[in-house]
Structures are given as structure tokens and as C-alpha cells.
Amino acid sequence: MSTSTTTTTEVKPGIADTTVFEFKTQDSSKQQHIKTAGDKFESQDYQDWRQQLKEEGFVVVKNVLNKEQVQHYRNEMLNWITSFGTPLKIDDKSTWKYDNLPAHSLHNIYALYSVSHEKFFWDLRSEPKIREAFGKVWETDELLVSFDGININFPGATGGLAKSAKSWQHVDQSPFKQSFQCVQGIAQLSNAGPKDGGLVVYPKSHKHFIEFVETQLDKSKWLHKDWLMLTDEQVKWFEDDLGIKPYKVEAEPGDLILWDSRTIHHAVLAESDEIRTIA
Ligand SMILES: O=C(O)CCC(=O)C(=O)O
Ligand SMILES: [Fe+2]
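Being a predicted model, the structure only gives us computed values, none of them experimental.

(A) Main features of the overall build of the protein. Secondary structure summary: the protein contains nine helices and 15 strands in total. When the 279 residues of the protein are sorted by exposure, 38% land in the buried category. A separation threshold of at least 6 residues defines the contact pool for the protein, and within that pool the share at least 24 residues apart is 82%.

(B) Seen up close, the sheet that holds strand 15 (residues 276-278). The strand order 5-7-15 describes an open sheet built from three strands, whose pairing is antiparallel. The open sheet terminates on both sides in strands that have one partner only, identified here as strand 5 (109-110) and strand 15. Relative to strand 15, strand 7 (residues 150-153) runs antiparallel, the two sharing three bridges. Of the residues in strand 15, the one forming a bridge with Ile152 is Thr277.

(C) Structural view of helix 6 (residues 128-138). Within helix 6, burial applies to Ile130, Ala133, Phe134, Val137 and Trp138. Looking down the long axis of helix 6, one finds its buried residues gathered within 125° of arc, a one-sided arrangement. Just downstream of helix 6, Glu139 is the residue with a positive phi angle, here 55°.

(D) Quick peek at the environment of Ala192. Along the chain, Ala192 falls in the loop between strand 9 (182-187) and strand 10 (198-201). Look at Ala192 and you get buried, because 26 C-beta atoms sit within 10 Å. A sequence separation of 85 residues divides Ala192 from Thr277, and the C-alpha atoms of the two residues are 9.7 Å apart. Discounting residues that sit within four places of it in the chain, Ala192 has contacts with Gly198, Val249, Glu250 and Ala251.

(E) Looking closely at unusual backbone geometry. Positive phi, close to 55°, is recorded for Ser114, a residue that is not glycine. Checked against the element boundaries, Ser114 lands in the loop between strand 5 and helix 5 (119-125).

(F) Fine view of the pairing of strand 4 (residues 58-61). Alternating positions in strand 4 separate into two faces, Phe58 and Val60 on one and Val59 and Val61 on the other, with burial throughout. Direction of pairing for strand 4 relative to strand 13 (residues 256-260): antiparallel, over a ladder of four bridges. Directly across from Phe58, in strand 13, lies its bridge partner Trp259.

(G) Fine view of the environment of Thr277. Assignment of secondary structure puts Thr277 in strand 15. For Thr277 and Ile186, which are 91 residues apart along the polypeptide, the C-alpha to C-alpha distance reads 9.9 Å. In contact with Thr277, other than residues within four places in its own chain, are Arg74, Met77, Ile152, Leu189 and Ser190.

The rules behind the values
Residues numbered from 1 in each chain as written. Chains lettered and ligands numbered in written order. Predicted model: local features only at pLDDT ≥ 70, side-chain atom pairs only at ≥ 80, totals over all residues. Helix = DSSP H or I, 4+ residues; strand = E, 2+ residues; numbered from the N terminus. Buried ≥ 20, exposed ≤ 12 C-beta atoms within 10 Å, placed from the backbone. Contact = placed C-beta atoms within 7 Å. Pairing = 2+ DSSP bridges. Arc of directions from axis to C-beta.

Take a look at the structure:
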């Protein structure tokens, strides 16, 4: 799943780089030659959730997993995190401590120990409705997926480092790649209500990605890696100059949140007791 916690699926390089699609737009008199699957996606109008992904830069696809599947994957993730021989117990809050957790990032992302190749993670990313959602965007079932991590957040167990890392607005795409190239996803295995930990996005920010990298970044410092952390000043540019405000995405267990890698996003910690479990 994505740069860190999610299901990032990219179109095959072969398709992205070389294929020329020819198709009719709604105005059938105009035939277009479109270079990439991303260009094709952006040039079409959809009558389903893809339209929101295209316009807003994110969408919640409902119910890709049923209750039993959610339960199963959540249990597997929690079994994984309690398998390190520490005193951590899911049903004993007093053990939800930073020191009882295996190594993880500032933002509660677990990407080490080859967790992305655990059976449960392969099973999850192979779930038919998850594959189907990505397939619908790229119009192929030959998908590439990155191997990132899972995010498990025990409320209160954040440790000193994570507390200082409240906002980490970023995009997961290099300034060198300016078109629609990659969709990231979160399979939601816990509730993401208003007080729960969850993803925050800047709606429509993907549409300003080119303007952003061209005008707000020093071109000589552009990097090829698909990760770009914004400074406070750059966030302010989006919020104040463009009027784009952060939006906390609400989702229920079994939902799949998808977003364009150019959409600015980060995550907030829980104010509730819900253990955030997403993959
Ligand atoms: O924890 C989160 O929801 C944010 C994850 C994230 O930034 C990503 O998967 O790219
Ligand atoms: Fe990200």
C-alpha cells in the first residue's frame, strides 16, 4: 500500500510512458491523442466516485471490505504488533506505551520488519474490491503496487517525537512528475470519525501542483524522490493565497480512501480511544 501507510498503485511504466490512447470525448467530433493513462483519466467525466477523485483529489470508496474481513485484517495487524515480546496488550490500556511498540516512524507508521510482505498485507491488497477500485482508475487489472507500511496508533502512546510532529503536510510525488501518476489508498480497519485519528487532505490542491512546484520551490533543489514535505510557509500559500483549507476525511471500517499523490495530506492523532488501524 502507499508511501508509508497506504495502497499506492501506479500505472505500469510501459503504459504511462509510451502508450498513446485514442478515444472519443463526450464531444464525439473531437478525437484526442492522449499520452498517459493519467491524462486519459483527467480528460474524462465520470458518473461515479472517480469524478470526486478527479475534481477534489481524494474520495472515500465505501464498503470494499465486509465486517468479517475488517475484523480479520484488524486482528491480524494487532496480532502482528503484539508479537514482539513486549508487555503490549490490546485490551490493557496501561500497556499502550511507546516503549512497548516495535520501531516505527514519527507518524505511527510501521514499515520495517518486512511488514508489507506479511500474508495479511498481501491478502488485503489482493482483495477483489480493492484491486477493482484501482483498476477502475487505470482501466487495467495489471497494477503496480508499492510496499509501504501500516499505521497503528494507540491513543496516548505517541512518545515525545510524535508529539512534536503535529503537522506534516506533504505530497508523495516528485516535482519532476507533474501529471496524474499515482493513486494512494488507505484500507480503513477502524473508525475515522471526527475525534478519531485520521487522514487530512487539502481538497483540490492536486490541481495546483504544477503552479506550486514552479513558483514556490527552488527548481535547483527539486528531488526525484516521491516525497515532498511542505514548510509552514508553503502550507500558508495554499491556505491563505489559494484559500484551500484542510479537511479531515471521515470513513468507516471497510472503506477505502483514495487520493491523488499530488494532493497535500497528513494525518491527525486521535482524541478518542479508538486504536487507529489502517493499511
Ligand atoms: O497516516 C496517514 O493517514 C497518512 C499516510 C500518508 O501520508 C501516506 O500514506 O502517504
Ligand atoms: Fe503521504
